[in-house]
Amino acid sequence: MTDPMPDTRSARQLVRASDDVIDGITQQVQSPPGLPNPIRNPITTAVWAFLFTWPPTLVVLVAATVAVPSQTNDAGVGTAAIWALDIALLIAIAASVSTIWQRDPKPGPDGTAQPIQRVLLRVAAQALLTGACGWLVLALHGLATGQIVSLVVALIVVLNLLPVIAARLLRRGRGRSGTPPTRA
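Visitor: Before we move on, can you summarise a positive patch on the surface with the specific residues and values?
Guide: Taken together, the side chains of Arg168, Arg171, Arg172 and Arg174 make up a positively charged region of the molecular surface. Here arginine 168 lies in helix 5 (residues 145–176). Arginine 168 sits in the partly exposed class, given a relative accessible area of 31%.

Structure representation (C-alpha cells):
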C-alpha cells in the first residue's frame, strides 16, 4: 500500500468548508426534534430560577423590613431572608415543572425574535406566578392583606418588570449605536 500524499498547503492557511460539510456538522450538533433539549433540564432550570430569584427577593424584603418595619410586622432580617427563601423555592419548583411541559419557542415571522405579544404574555404569566408565590408565603407567615399586596407588587416590579424594561432599553440602545445585535 502506498502512503497518501501529504498535503502541500501550509498549516497556517484556513480552508472554507463546503456547504455540504457545514450542513452535515449542523445536523450532527443539533438534537433531533423528538429529543429533549439538554438546556431544558428541570433540575438545571430550578437551580437557575432559584439563583436568579432569591437575591432580588431578599433585597426587596430586607429593604421593606428595614425601611418600613410595620410593613412586615416588625420582622427581622433573618425572617425576611426565610420568606425570600420560601418564595424563591416556590418559583424554582414552578419553573422546573413548567420546563417539563414547555415546547420549543417558536421564532417570529422573520425567524429572529418572538413577537411582542408573546413576550408580554410570558411576562404576565411570570408576574402571576410571582404574585401567587409571594401571596402564599406571606399569608402563611401571618401578614395582613394590605401588607401582602404592597410587598407582592414590589416583588413583581423587581423580578418581572425591571428585567424586561432593562432588556428592551439595552436592545434599543444597541440599535441606535449602529452596532448590529449579536446572537448566541
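There is more to say after this.
Visitor: Explain the packing of helix 2 (residues 42–67) against helix 3 (residues 77–101) residue by residue, including any values.
Guide: Running from N to C, helix 2 and helix 3 point in directions that differ by 150°, and their axes come no closer than 7 Å. One finds that helix 2 runs roughly antiparallel with respect to helix 3. The chirality of how helix 2 crosses helix 3 is right-handed. Across the contact of helix 2 with helix 3, the residue classes tally to 23 nonpolar, 6 polar and no charged.

Visitor: So what's going on with the nonpolar core? Which residues, and what values?
Guide: The biggest cluster of nonpolar side chains holds 20 residues, and the ones touching the most others in it are Leu61, Trp83, Ile87, Leu138, Leu143 and Leu151. Taken together, the elements giving at least two residues each to this core come down to helix 2, helix 3, helix 4 (116–140) and helix 5. In terms of residue count, the dominant contributor to this core is helix 5 (6 residues). Not counting residues within four places of it along the chain, the set of residues in contact with isoleucine 87 comprises Thr57, Leu61, Cys133, Gly134, Val137 and Leu155.

Visitor: Any details on helix 4? Residues and values, ideally.
Guide: End to end, helix 4 covers 36 Å across 25 residues, agreeing with the expected 36 Å (1.5 Å per residue, within 8%). Where helix 4 ends, the next residue or the one after it, glycine 142, has phi of about 90°, a positive value.

Visitor: Which residues make up unusual backbone geometry, and what values do they have?
Guide: Phi is positive for asparagine 73, which is not a glycine, with a value near 55°. Mapped onto the elements of the fold, asparagine 73 is located in the loop between helix 2 and helix 3. Phi is positive for aspartate 74, close to 55°, though the residue is something other than glycine. Checked against the element boundaries, aspartate 74 lands in the loop between helix 2 and helix 3.

Basis of the calculations
- Residues numbered from 1 in each chain as written.
- Predicted model: local features only at pLDDT ≥ 70, side-chain atom pairs only at ≥ 80, totals over all residues.
- Heavy atoms only, no water.
- Patch = residues over 30% accessible without salt bridge, like charges linked within 9 Å, V, L, I, M, F, W, Y side chains within 5 Å.
- Areas by Shrake-Rupley, 256 points an atom, 1.4 Å probe, with all protein chains shown as cover.
- Salt bridge = Lys/Arg side-chain N within 4 Å of Asp/Glu carboxyl O.
- Lys, Arg positive; Asp, Glu negative; His and termini not counted.
- Charge placed at Lys NZ, Arg CZ, Asp CG, Glu CD.
- Helix = DSSP H or I, 4+ residues; strand = E, 2+ residues; numbered from the N terminus.
- Buried < 20%, exposed > 50% of the residue type's maximum accessible area, 1.4 Å probe, protein only.
- Axes fitted to C-alpha atoms, helices over the stretch in contact; angles between N-to-C directions.
- Parallel < 35°, antiparallel > 145°, perpendicular 65-115°, else oblique.
- Left-handed = near helix turned anticlockwise from the far one by under 90°.
- Nonpolar A, V, L, I, M, F, W, Y, C, P; charged D, E, K, R; others polar.
- Core = buried A, V, L, I, M, F, W, Y, C linked by side-chain atoms within 4.5 Å.
- Contact = heavy atoms within 4.5 Å.
- Expected span 1.5 Å × (residues − 1).

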